[in-house]
Number of protein chains: 2
Amino acid sequence: MALVIVSRVHPSSDVWAPEMRRLMPEIDVRYWPDVGNPDEVDAVLMWQAPDGLFDRLPKLKAIFATGAGVDAILGDASVPKHLPLARLVDPSMTAEMSEYVTLQVLRFHRQEPTYAAQQRDRVWKVHPQPHPEQRRIGVMGLGELGQDALGKLAPFGFALGGWSRTPKALEGVETFSGSDGFARFLARTDILVNLLPLTAETENIIDARLLGQLPEGAFLVNCARGRHVVDDDLLAALDSGRLAGAALDVFREEPLPADHRFWSHPRVILTPHAAALTNPLTATPQIVENLRRVQAGQPLVNLVDRSRGY
Amino acid sequence: MALVIVSRVHPSSDVWAPEMRRLMPEIDVRYWPDVGNPDEVDAVLMWQAPDGLFDRLPKLKAIFATGAGVDAILGDASVPKHLPLARLVDPSMTAEMSEYVTLQVLRFHRQEPTYAAQQRDRVWKVHPQPHPEQRRIGVMGLGELGQDALGKLAPFGFALGGWSRTPKALEGVETFSGSDGFARFLARTDILVNLLPLTAETENIIDARLLGQLPEGAFLVNCARGRHVVDDDLLAALDSGRLAGAALDVFREEPLPADHRFWSHPRVILTPHAAALTNPLTATPQIVENLRRVQAGQPLVNLVDRSRGY
């Protein structure tokens, strides 16, 4: 049984293989494009498929993604539809995402952009501070990431809300679901956090219509995918001040082109897709578990449902 | 029984009196300088004493501070030493302080100053992110505020430490005490949070000596008092880069003079003493409790020990 790793890091400094061999000494790990005897390769670990990968590995039984979002793999026509695909639920990545969400929520809650502007202008002025129970946070997407972020926000006493495709009950969170609940969810959300998977239904979901349903002066935190956002609609809402601020970690085109207006918009806080990075040390146990399942002919953990897109 | 309130807010818009009357209908609330018959006044609620206050109120039995830190009152020679003084432990103010601490700790932890500079320069570059268990937070002062802040930081998985004058045991926190434990506490602290009371012993505690004992590249969060800091020593540590950043909410002189170097220092994040504001709605129950204790001749809650200074 062999696993092929597709990595941008040189094999000599890659962390995946040594950790994999430590936890599963019998595994034969190979780095693309040195696949050895292709008939021995059962699984591939990858973010995006290089040209010709699937032609060269005819006996492949499973694909393991190195990230939580698999939209890039599902959108690639070269990826065989019959192969089971597992996305990564890495506890360290989940924790990093919640750090990022909490940081951006607290920045907007504590009026940090206002105080940063005052520091630039040497203005000493205290503003009334809304109490956390008056600040309505709304998280779109209530999977692993959304639930963990809400759990980290809960101790601060915010008014928590959540929206998902199918109904979910979460303690201490006012939940909404489906298209019926969407307008009511948006109308009660002062800080909107997007943690949705990117699917045909969620692409372009953050558009003029959505932004118009948020209360005046709301904030957006997007750490899911750039293609969730209609950039021109977001810029228009920020220009008018209807949306008071946006923290953006992901973009339609990455790296974000140097002439994009997001870079210099006074209401935009921008990070280079750095909110949550996969950590091979904490992610490898799940890969090993799935390799054993491939061996035993069992269904994968965190298997992607291609019909719903995540 | 009457209470005199010293407030910078006009009585018509002040929140203290209506809330006080709601919780204790028998109380006679008066606003300085309209004290009425001074012989009826048992207690005063104030931040700083106006000139002549104590001469005009000879029957005073207690002083209630509107803040957690009472250094301004203890340092005022006009305040009679025999009067019991209660500081305020306002749950809402404590929660705000912990929001501020968590926000600034997460900013430094997530390398926000680096990413903010990159946004200004349109640079797309991801930096390795230290894991929270590798980030050693150290809180100076383990009273109400310090303990609450540590409780809010705990779910993120940081390596938590704390230092206090007298030994304290806190679950999940490596605690140090006294002058013996101070050097060891500083040597293991990547992000130092100051929540100490200002006393004769703690004035100027953040000086070149303390800053030199922190690891290279540490960060400082000061939301206690400006007089804890020797400004020139802090600026020197920031200039050299030995200290990688400082979030400062309090200053020796407030408002901070317009020509002070803190305003424009690239490694300083500055807020105008806005970390935690007293909320009369949540603070009044404690004042009412103490009024009843004055009436019954019982000791005050949150009584200040003048010998230790807090």
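Just so you know, these numbers come straight off a predicted model, no measurement behind them. (Residues numbered from 1 in each chain as written. Chains lettered and ligands numbered in written order. Predicted model: local features only at pLDDT ≥ 70, side-chain atom pairs only at ≥ 80, totals over all residues. Heavy atoms only, no water.)

## Describing the overall build of chain A
Selection rule: Runs of H or I in DSSP of at least four residues are treated as helices and runs of E of at least two as strands, each being numbered from the N terminus. Throughout, the radius of gyration refers to the C-alpha atoms, and the reference size of a globule is 2.2 Å times the residue count to the power 0.38. Burial status follows relative accessibility: with a 1.4 Å probe on protein chains alone, a residue under 20% of its type maximum counts as buried, one over 50% as exposed, and anything between as partly exposed. Note on areas: Shrake-Rupley with a 1.4 Å probe; residue coverage comes only from the protein chains shown. For this count, His and the chain ends are skipped, Lys and Arg are scored as positive, and Asp and Glu as negative. To locate a charge, take atom NZ for lysine, CZ for arginine, CG for aspartate or CD for glutamate.
Assigned secondary structure in chain A consists of 10 helices and 12 strands. Here the C-alpha radius of gyration of chain A, 21 Å, is about what a compact globule of 310 residues would show, namely 19 Å. Projected onto its principal axes, the C-alpha positions of chain A cover 70 × 40 × 35 Å. The buried share of chain A, reckoned over its 310 residues, is 55%. Approximately 13,100 Å² of chain A is accessible, and the part contributed by carbon and sulfur atoms is 51%. Within chain A, one finds 32 positive and 38 negative side-chain charges whose respective centroids are separated by 3 Å.

## Concerning the sheet that holds strand β11 (residues 243-248) of chain A
All names here are of chain A. Filter applied, for reference: Strand pairing is assigned whenever DSSP identifies at least 2 bridges connecting the two strands. For helices, the axis comes from a line fit to the C-alpha atoms of the stretch in contact; other axes are also lines fit to C-alpha atoms, and the angle between any two N-to-C directions lies between 0 and 180 degrees. Any two residues whose heavy atoms approach within 4.5 Å are treated as being in contact.
Spatial strand order, β8-β7-β6-β9-β10-β11-β12: 7 strands in an open sheet with parallel pairing. Unpaired on one side and paired on the other, β8 (174-177) and β12 (268-270) mark the two borders of the sheet. When the angles between neighbouring strand axes are averaged without regard to direction, this sheet yields 15°. Bridge count for strand β10 (residues 218-222) against β11 is 5 bridges, and the pairing is parallel. What sits directly across from Ala-218, in β11, is Leu-243. Of the strands in this sheet, β6 (136-140), β9 (191-194), β10, β11 and β12 touch helix α4 (residues 91-109), which is tilted by about 155° from β11.

## Quick word on the domain arrangement of chain A
Residues and elements named next belong to chain A. Operational definition: Source of the domain bounds: an automatic or database domain assignment. Accessible area that two parts lose when put together, with a 1.4 Å probe and added across both, is what the buried area reports. For this analysis, a salt bridge means a side-chain nitrogen from Lys or Arg found within 4 Å of a carboxyl oxygen belonging to Asp or Glu.
Parsing chain A into structural domains produces domain 1 (2-90 + 278-296) and domain 2 (91-270). Look at where the C-alpha atoms of domain 1 and domain 2 centre, and you get two points 33 Å apart. Taken together, the 10 residues of domain 1 in the interface contact 7 residues of domain 2. Contact between domain 1 and domain 2 buries roughly 800 Å² in total, counting both sides, with carbon and sulfur atoms accounting for 57%. Broken down residue by residue, the surface that domain 1 buries against domain 2 is led by Asp-71, Val-89 and Asp-90, which jointly contribute 60%. The interface formed by domain 1 and domain 2 contains 1 salt bridge. Note that Asp-71 and Arg-225 form a salt bridge whose closest N and O atoms lie 2.8 Å from each other.

## What about the nonpolar core?
Operational definition: Buried residues of nine kinds, namely Ala, Val, Leu, Ile, Met, Phe, Trp, Tyr and Cys, make up a nonpolar core once their side-chain atoms join them within 4.5 Å.
By size, the foremost hydrophobic cluster in this structure holds 60 residues, and its most contacted members are Leu-195 of chain A together with Leu-195 of chain B. Discounting chain neighbours no more than four positions away, the residues touching Leu-195 of chain B are Met-97, Val-101, Val-139, Met-140, Gly-141, Leu-145, Gly-146, Ala-149, Cys-223 and Ala-224 of chain B.

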